[in-house]
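Descriptive analysis of the structure
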Amino acid sequence: MTSSSSPSQDTKRLAHTYPEGLRADALMEEDVAWSLEIDGERDGDQFDRSERAALRRVAGLSTELEDVTEVEYRQLRLERVVLVGVWTSGTVQDAENSLAELAALAETAGALVLDGVIQRRDKPDAATYIGSGKAEELRDVVLDTGADTVICDGELSPGQLIHLEDVVKVKVIDRTALILDIFAQHAKSREGKAQVALAQMQYMLPRLRGWGQSLSRQMGGGKGGGLATRGPGETKIETDRRRIREKMAKMRREITEMKTGREIKRQERKRNKVPSVAIAGYTNAGKSSLLNRLTGAGVLVENALFATLDPTVRRAETPSGRLYTLADTVGFVRHLPHHLVEAFRSTMEEVGDADLILHVVDGSHPVPEEQLAAVREVIRDVGATDVPEIVVINKADAADPLTLQRLMRVEKRSIAVSARTGRGIRELLALIDNELPRPSVEIEALVPYTHGKLVARAHDEGEVISEEHTPEGTLLKVRVHEELAAELTPYVPTPAG
């Protein structure tokens, strides 16, 4: 593509010229039907899968005497969409990969992607995002395909949304609104729903539009509450904005209260000296599959972007017997809306407070380095740059061997695994065992049998090097933290004679 004025050169149709499987590359490998032999072994119990994929009966849609209408969950909000992106830098392959990811997001939201176009520009047009001439061409594409929605691969200003809608005559949304819609569909916990609602209101506030009575004014109050004589008062749209701000303030208070419960649990783990590991990574890189493989958590695993939003914390054990917690966090994506980063900050703090980060990257993705960079940008935003990191290259069974070699050469602290087949999981567990912080004090103590709780704590909170049962008690050689070492000190055997 060039920057000439020819429509065939400026605008590139992607839907009919995608290389086979390009859109699937933005997801995982091609999704397959669930089977006990594959998914049951790989992902454990799928507690949410049956509910997510179930047919839902919608009453009142049928004109037949007997209502037999059944629709699938993701078909409830099916829309026919055309994608449009602005290519400002990088190669044409980068632009196509970005639009392919947007297609995957749209399909996850339940839309049917009909076509996709890219416009080569130095920067997005301030009025219509792609320029007035190209907006007219986009209108023709919308008419040809019969689409009812246009999705832009970027965050549009309120003015750009209005002007582009005026030209194409159908609904226009941007990448941010699409991601917020996916989050709203998939949030299940009370805190997750509140965080999504807050982000949606933050996005909606500057984009409120009024027409007709929305711009009419409420009369101001007269002196002493009499006749309205003091001016025009607020417009309806101003009243709506004020109510949204009040709801946002209430939502922030509720999220702060819910955050307290997570902090109490986190402090409890710290007081008990239980190390924590956070799984972070790009959306659909296989974080939940890895959590299931390591702990048998039974978290929903689906070939969709942002399938799981609510953080899951599970107890796990290293090969040497040390206990630790493993937390699955929300997935990241390029250009993650800042509204979501702010709303989910309390959730993402699991990463900042962890002792170790497992950074999961999709080894079968066309450009895994971009995934790594996007996730690290969000990790910097939540202040977790000092936490040790292990890069876990997942889907090694489907990845190009040359890509694996390149990643492992660049990322010194990395390991290739497959959560699907179990390849590399044993080596990963051993690596976690080595990387987790170890207790600082090594001590040998002869603990009387009447103080068995100390022995149990040594197993739970420390690292037992050797253990021997003698007539006088349990002879322990352990590595523990300072507080437990102080409690074991009275039982340190004195040197003979």
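Source: prediction; values computed, not measured.

Some details on the overall build of the protein chain
Counting its secondary structure elements, the protein chain contains 18 helices and 16 strands. Looking at the protein chain as a whole, 47% of its 497 residues qualify as buried. Taking the intrachain contacts of the protein chain between residues at least 6 apart in sequence as the baseline, contacts between residues at least 24 apart amount to 68%. Here the protein chain has roughly 24,700 Å² of accessible surface; of this, 51% comes from carbon and sulfur atoms.

Looking at the sheet that holds strand β13 (residues 414–416)
Spatially, six strands are ordered β9-β10-β8-β11-β12-β13 in an open sheet, and the strand pairing comes out mixed. Where the open sheet ends on each side, the last strands, each with one partner, are β9 (312–317) and β13. Between one strand axis and the next, the sheet turns by 25 degrees as a mean value, whatever way the strands run. Across four bridges, the pairing between strand β8 (residues 276–281) and strand β10 (residues 323–328) is parallel. When the sheet's bridge partners are listed, Ile279 is paired in β10 with Asp328. Each of β8, β11 (356–362) and β12 (389–394) is contacted by helix α14 (residues 368–381), which is oriented at about 145 degrees to β11, the strand it contacts most.

As for the packing of helix α8 (residues 175–186) against helix α9 (residues 190–204)
Two elements in contact, α8 and α9, have axes whose closest approach is 10 Å; the angle formed by their N-to-C orientations is 155 degrees. One element, α8, and the other, α9, form an angle in the roughly antiparallel class. Crossing hand, α8 versus α9: left-handed. On the side of α8, the interface is formed by Thr176, Ala177, Leu180, Phe183 and Ala184, while α9 contributes Val196, Ala199, Gln200 and Tyr203. For the contact of α8 with α9, the class distribution of residues is seven nonpolar, two polar and no charged.

Looking at the sheet that holds strand β16 (residues 474–480)
In a beta sheet, neighbouring strands are held together by backbone hydrogen bonds and run either parallel or antiparallel to one another. Strand order in this open sheet of three strands is β14-β16-β15, and the pairing throughout is antiparallel. Strands with a single pairing partner mark the edges of an open sheet, and in this sheet they are β14 (441–447) and β15 (463–469). Each neighbouring strand pair of the sheet contributes to a mean axis angle of 10 degrees, computed without reference to strand direction. In this structure, β14 lies alongside β16, joined through seven bridges in antiparallel fashion. If you follow Val447 over to β16, its bridge partner there is Thr474.

Remarks on unusual backbone geometry
Within the chain, Asn284 stands out as a residue other than glycine whose phi angle is a positive 70 degrees. For Asn284, the position within the fold is in the loop between β8 and α11 (287–295). Despite not being glycine, Lys395 shows a phi value in the positive range, around 60 degrees. Note on placement: Lys395 falls in the loop between β12 and α15 (401–410).

Focus on the confidence of the model for the protein chain
Taken over all residues, the pLDDT of the protein chain has a mean of 76, while the share at 70 or more is 73%. The low-confidence segment residues 23–34, where pLDDT is below 50, has 37 contacts with residues more than four positions distant or belonging to other chains. Every residue in residues 59–77 scores below 50 in pLDDT, and together they form 37 contacts with partners more than four places removed in sequence or on other chains.

Things to note about the pattern of salt bridges
Applying the stated criterion to the full structure yields 15 salt bridges. Between Lys134 and Glu137 there is a salt bridge; the shortest N-O distance is 2.9 Å. Of this pair, Lys134 and Glu137 both sit in helix α6 (residues 132–145), three residues apart, which is roughly one turn of that helix. When its relative accessible area of 24% is taken as the criterion, Glu137 is described as partly exposed. With a closest N to O distance of 2.9 Å, Glu411 and Arg376 form a salt bridge. Here the residue Glu411 occupies a position in the loop between α15 and β13, and Arg376 occupies one in helix α14, the gap between them amounting to 35 residues. Look at Glu411 and you get buried, because its relative accessible area is 14%. What makes Arg376 partly exposed here is its relative accessible area of 24%. Through salt bridges with shared partners, a single ionic network connects Glu101, Asp153 and Arg175.

Structural notes on the packing of aromatic side chains
As enumerated under the stated definition, the model contains zero aromatic pairs in all. One cation-aromatic arrangement involves Arg120 over Trp87; the distance from NZ or CZ to the ring centre is 4.5 Å.

Some details on helix α17 (residues 452–461)
Restricting attention to buried positions, one finds in α17 the residues Leu454, Val455, Ala458 and Glu461. Down the axis, α17 shows its buried residues gathered within 150 degrees of arc, on one side only. Looking at the buried residues of α17, the elements they touch are β14, β15, β16 and α18 (482–488).

Remarks on the environment of Ala177
When you line up the elements, Ala177 lands in helix α8. Remark: the alpha-carbon pair of Ala177 and Gly154, spanning 23 residues in sequence, is separated by 9.8 Å.

Some points on the packing of α6 against helix α7 (residues 158–168)
Where α6 contacts α7, the axes come no closer than 8 Å and their chain directions differ by 50 degrees. Between α6 and α7, the angle is such that the two are oblique. α6 and α7 meet at a crossing whose hand is right-handed. For the pair α6 and α7, the contacting residues are Ala135, Glu136, Leu138 and Arg139 in the first and Leu164, Val167 and Val168 in the second. The class makeup of the residues in the contact of α6 with α7 is five nonpolar, no polar and two charged.

Notes on the side chain of Thr149
Among the structural elements, Thr149 can be located in strand β6 (residues 149–152). Here the side chain of Thr149 touches Glu79 through a polar contact of 2.7 Å, side chain to side chain. Polar side-chain contacts of Thr149 include one of 3.1 Å to the side chain of Asp148. Thr149 has contacts with Glu79, Arg80, Val81, Val82, Val170, Lys171 and Ile173, leaving out every residue within four places of it along the chain.

A word on the pairing of β10
Counted residue by residue, β10 has six buried out of six residues, so it is predominantly covered. Neither face of β10 is open: one carries Leu323, Thr325 and Ala327, the other Tyr324, Leu326 and Asp328, and all of them are buried. In terms of strand pairing, β9 meets β10 through six bridges, oriented antiparallel. Residue pairing in the sheet places Arg315 in a bridge with Thr325 of β10. Joining the antiparallel neighbours β9 and β10 is a turn of five residues, in which Gly321 adopts a positive phi near 95 degrees.

Rules behind the numbers
Residues numbered from 1 in each chain as written. Predicted model: local features only at pLDDT ≥ 70, side-chain atom pairs only at ≥ 80, totals over all residues. Heavy atoms only, no water. Helix = DSSP H or I, 4+ residues; strand = E, 2+ residues; numbered from the N terminus. Buried < 20%, exposed > 50% of the residue type's maximum accessible area, 1.4 Å probe, protein only. Contact = heavy atoms within 4.5 Å. Areas by Shrake-Rupley, 256 points an atom, 1.4 Å probe, with all protein chains shown as cover. Pairing = 2+ DSSP bridges. Axes fitted to C-alpha atoms, helices over the stretch in contact; angles between N-to-C directions. Parallel < 35°, antiparallel > 145°, perpendicular 65-115°, else oblique. Left-handed = near helix turned anticlockwise from the far one by under 90°. Nonpolar A, V, L, I, M, F, W, Y, C, P; charged D, E, K, R; others polar. pLDDT = per-residue confidence, 0-100. Salt bridge = Lys/Arg side-chain N within 4 Å of Asp/Glu carboxyl O. Phe/Tyr/Trp six-rings, centres within 6.5 Å; stacked < 30°, edge-to-face > 60°. Lys NZ or Arg CZ within 6 Å of the ring centre and 35° of its normal. Arc of directions from axis to C-beta. Polar contact = N/O pair within 3.5 Å; in protein donor to acceptor, adjacent residues only side chain to side chain.

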